[in-house]
Amino acid sequence: MKSLADIAAALQGYDPQALSVSQVGEFLAQLTQPLPTHEAQDVPLFEALGRVLAQDVISPIHVPPHNNSAMDGYAFDGSQLSPAQALHLRVVGTALAGKAWPGRVQAGECLKIMTGAILPEGLDTVAPLELCQIQTEADTATATANTTITVPAGVFQRGDNRRLQGEDLMQGHAALTAGAHLTPAALGLVASLGQATVRVHRRLRVAYFSTGDEILSLGQAPREGAVYDSNRFTVFGLLTRMGCEVLDMGVVRDDPVLLESAFCQAAAKADAIITSGGVSVGEADFTKAMMKKLGDVAFWKIAMRPGRPMAVGRLGTSVLFGLPGNPVAVMVTFLAFVRPALLRMMGSTASAPPLLRAKSQEALRKKPGRTEYQRGTVSTAADGSLQVRTTGNQGSGVLSSMVQGNGLIVLHHSQGNVAIGDEVDVMVFEGVV
Ligand code: AMP
Ligand code: MG
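Residues numbered from 1 in each chain as written. Chains lettered and ligands numbered in written order. Predicted model: local features only at pLDDT ≥ 70, side-chain atom pairs only at ≥ 80, totals over all residues. Heavy atoms only, no water.

(A) Examining the overall build of the protein more closely. The number of helices and strands found in the protein is eight helices and 26 strands. Principal-axis analysis of the C-alpha atoms gives the protein an extent of 105 × 55 × 50 Å. Looking at the 433 residues of the protein, the share that counts as buried comes to 44%. Long-range contacts, defined as pairs at least 24 residues apart, comprise 70% of the intrachain contacts of the protein with a sequence gap of at least 6. (Helix = DSSP H or I, 4+ residues; strand = E, 2+ residues; numbered from the N terminus. Buried < 20%, exposed > 50% of the residue type's maximum accessible area, 1.4 Å probe, protein only. Contact = heavy atoms within 4.5 Å.)

Printed below as a string of structure tokens:
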């Protein structure tokens, strides 16, 4: 495990008083490690949604297991097709999904076939019902009906409407790789292999508490100068959405004994600790002092807005994220730094979702030399392109902006002012916030 000093020494241009957003990302990638795989667990599929795979899922079978029909129609040997001539075929039977049709189909013959039914040996093409002409005539000698079909010329190619064995997944190949998130589609994919359980990383345990003497817990009477604790609820929501096991430790008063006990309890139980408040310069409180006393912790000023101050380090084996107190700053620093770091710890190999590009509907003032995250609402313009406007007041305490907006406009480090109509990057909240 690298010490903070080792990581800092290896990081180009490291200056805790002026870190760029990308340097913070690099630092945290060095600080955090995926959960060990020996703690992984097998869980039934219905309990696996949102978990992270600890092991590749190798397909024990071909999916689909046989060549089969993609349509309700007539299956035949496609080598008989010719571009200029319609094909007349006698129907010799019907193949239903779920059981193999036992006969053989000769040249000049075809088989009525339902979607998903196995294509018998020698048949490689299916003409959908609605594209064939069907003729039925009574055979008086045998008292049965003779059905023939006409497959129109120039419409089909050999292999049309055939699903090949293993075209979804090949036997012996990885259907999913370790580090993948079990999305609804992934659950279905695992089920399609006939597999009832998956080996996943255990849930990441994250403890969090709010600090500050002015912070009221819900249920306490309001008093002058005090604000209700909102950070625990946003952090709870963000962590829960990520699939973490959350340990809520309440509001911790600015008292060294209480702080020490909270940090020690959190470090004993959790993989990561998130605090809010008490890390800015000139804080007349004990939070920073206690972090310094109990762990290997760096105090940063980050070239960003909102969210300049942040403490990062280790308490025992837990990773500590000391977030600023302002409610928007908490969410922004969480999204920008904590979330990617926790995903890494969870064993996820998912890359960050791509930023959207949208035309700014307003001019934005921006100083080069820091990254700004403005709350914005992305919508579709009349011409179908994406556009974005800010939610108004961008104060770092204006939590309603995070509710109104559907994303963060990311104004990058070296970027300057934005004119109306300029394209900007947007990190969308969908499914995260
Ligand atoms: P600090 O980082 O401790 O200086 O706090 C900055 C601002 O955020 C102050 O106005 C605090 O009152 C506010 N704040 C700190 N913690 C919380 C919290 N848990 N919930 C809501 N506001 C908070
Ligand atoms: Mg404070």
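Let us keep going from here.
(B) Structural context of helix 3 (residues 184-192). Inspection of helix 3 places Ala186, Leu187, Leu189 and Val190 among the buried residues, and these make up the whole buried set. Looking straight down helix 3, one finds that the buried residues subtend no more than 160° of arc, so they occupy a single side. What points out from helix 3, more than 90 degrees from its buried face, is the exposed set Pro184 and Ala185. On its buried side, helix 3 packs onto strand 11 (174-176) and strand 12 (197-200). Positive backbone phi, approximately 85°, marks Gly194, located one or two places after helix 3. (Arc of directions from axis to C-beta.)

(C) Structural context of unusual backbone geometry. Residue Pro64 is bonded to the preceding Val63 through a cis peptide linkage, with omega at -5°. Position of Pro64 among the secondary structure elements: in the loop between strand 2 (57-58) and strand 3 (68-69). Cis geometry marks the peptide bond from Arg305 to Pro306; its omega dihedral reads -5°. Secondary-structure assignment places Pro306 in the loop between strand 19 (304-305) and strand 20 (309-315). Although it is not a glycine, Asn161 adopts a positive phi angle of roughly 60°.

(D) Representation of the nonpolar core. In this structure, Leu28, Leu239, Ile274, Trp300, Phe321, Phe337 and Leu342 are the most contacted members of the largest nonpolar core, which totals 51 residues. By residue number, the principal contributor to this core is helix 7 (residues 327-345), which donates 13 residues. Here this core spans two domains, and each of domain 1 (4-35 + 202-345) and domain 4 (356-428) adds at least three residues to it. Judged by nonpolar contacts, the second largest core, of 18 residues, contains Val63, Leu182, Val190 and Val200. (Core = buried A, V, L, I, M, F, W, Y, C linked by side-chain atoms within 4.5 Å. Domains from an automatic or database assignment.)

(E) Broad picture of the packing of helix 4 (residues 231-242) against helix 7. The geometry of helix 4 relative to helix 7 is characterised by a closest axis approach of 11 Å and an angle of 25° between their N-to-C directions. On the basis of the axis angle, helix 4 is roughly parallel to helix 7. Seen from above, helix 4 lies across helix 7 with right-handed handedness. Contact residues: helix 4 offers Asn231, Thr234, Val235, Leu238, Leu239 and Met242, while helix 7 offers Pro327, Val330, Met331, Phe334, Leu335, Arg339, Leu342 and Leu343. A per-class count over the contact of helix 4 with helix 7 returns 11 nonpolar, two polar and one charged. (Axes fitted to C-alpha atoms, helices over the stretch in contact; angles between N-to-C directions. Parallel < 35°, antiparallel > 145°, perpendicular 65-115°, else oblique. Left-handed = near helix turned anticlockwise from the far one by under 90°. Nonpolar A, V, L, I, M, F, W, Y, C, P; charged D, E, K, R; others polar.)

(F) Fine view of the packing of helix 2 (residues 21-31) against helix 7. Closest axis-to-axis distance for the helix 2/helix 7 pair is 10 Å, and the angle between their directions is 25°. Compared by their axis directions, helix 2 and helix 7 come out roughly parallel. Seen from above, helix 2 lies across helix 7 with right-handed handedness. Only Phe337, Ala341 and Arg344 of helix 7 make contact with helix 2, whose side of the interface consists of Val21, Val24, Leu28 and Ala29. Here the contact of helix 2 with helix 7 is composed, by residue class, of six nonpolar, no polar and one charged.

(G) Spatial organisation of the sheet that holds strand 17 (residues 272-276). Strands sit in the order 16-13-17-21-20-18 across an open sheet of six strands; the sheet is mixed. Of all the strands in the sheet, just strand 16 (245-252) and strand 18 (296-301) have a single pairing partner and so form its edges. Strand-to-strand, the axes of this sheet are offset by a mean angle of 15°, without reference to chain direction. Taken together, the five bridges between strand 13 (residues 205-211) and strand 17 define a ladder with parallel strand orientation. From the neighbouring strand, Ser210 faces strand 17, where its bridge partner is Ser276. Each of strand 13, strand 16 and strand 17 is contacted by helix 4, which is oriented at about 165° to strand 13, the strand it contacts most. Across the sheet, helix 5 (residues 256-269) touches strand 13, strand 16, strand 17, strand 20 and strand 21 (318-323), and the angle it forms with strand 16 is around 175°. (Pairing = 2+ DSSP bridges.)

(H) Geometry of the pattern of salt bridges. A complete count under the given rule lists 11 salt bridges for this structure. Residue Asp425 pairs with Arg357 through a salt bridge whose shortest N-O separation is 3.1 Å. Of the two residues, Asp425 is situated in strand 26 (residues 423-428) and Arg357 in strand 22 (residues 356-360); the sequence distance between them amounts to 68 residues. The class of Arg357 is partly exposed, set by a relative accessible area of 44%. Taken together, the salt bridges that share partners define one network made up of Glu39, Arg202 and Asp271. (Salt bridge = Lys/Arg side-chain N within 4 Å of Asp/Glu carboxyl O.)

(I) Here's a closer look at the sheet that holds strand 8 (residues 133-139). With mixed pairing, the six strands of this open sheet are ordered in space as 7-4-6-5-9-8. Only two strands of the sheet have a single partner each, and these edge strands are strand 7 (125-128) and strand 8. For this sheet the average axis-to-axis angle between neighbouring strands, irrespective of direction, equals 35°. By the bridge criterion, four bridges tie strand 5 (residues 87-95) to strand 9 (residues 144-151) in an arrangement that is antiparallel. When the bridges of strand 9 are listed, Arg90 appears paired with Thr148.

(J) Up close: the environment of Ile409. Here Ile409 is to be found in strand 25 (residues 407-411). For the pair formed by Ile409 and Val378, sequence separation is 31 residues and the distance between their alpha carbons is 9.2 Å. Beyond its immediate stretch of four places on either side in the chain, Ile409 contacts Leu364, Glu372, Tyr373, Gln374, Gly376, Val388, Thr390, Val424, Asp425 and Val426.

(K) Region of the structure containing the packing of aromatic side chains. The tally for this structure, following the rule as stated, stands at three aromatic pairs. Between the aromatic rings of Phe209 and Phe263, the centroid separation amounts to 5.1 Å while the plane-to-plane angle is 70°, which identifies the pairing as edge-to-face. Here Phe209, found in strand 13, pairs with Phe263, found in helix 5; they are 54 residues apart in sequence, far enough to count as distant. Phe263 shares its class with Phe209; the two are buried. (Phe/Tyr/Trp six-rings, centres within 6.5 Å; stacked < 30°, edge-to-face > 60°.)

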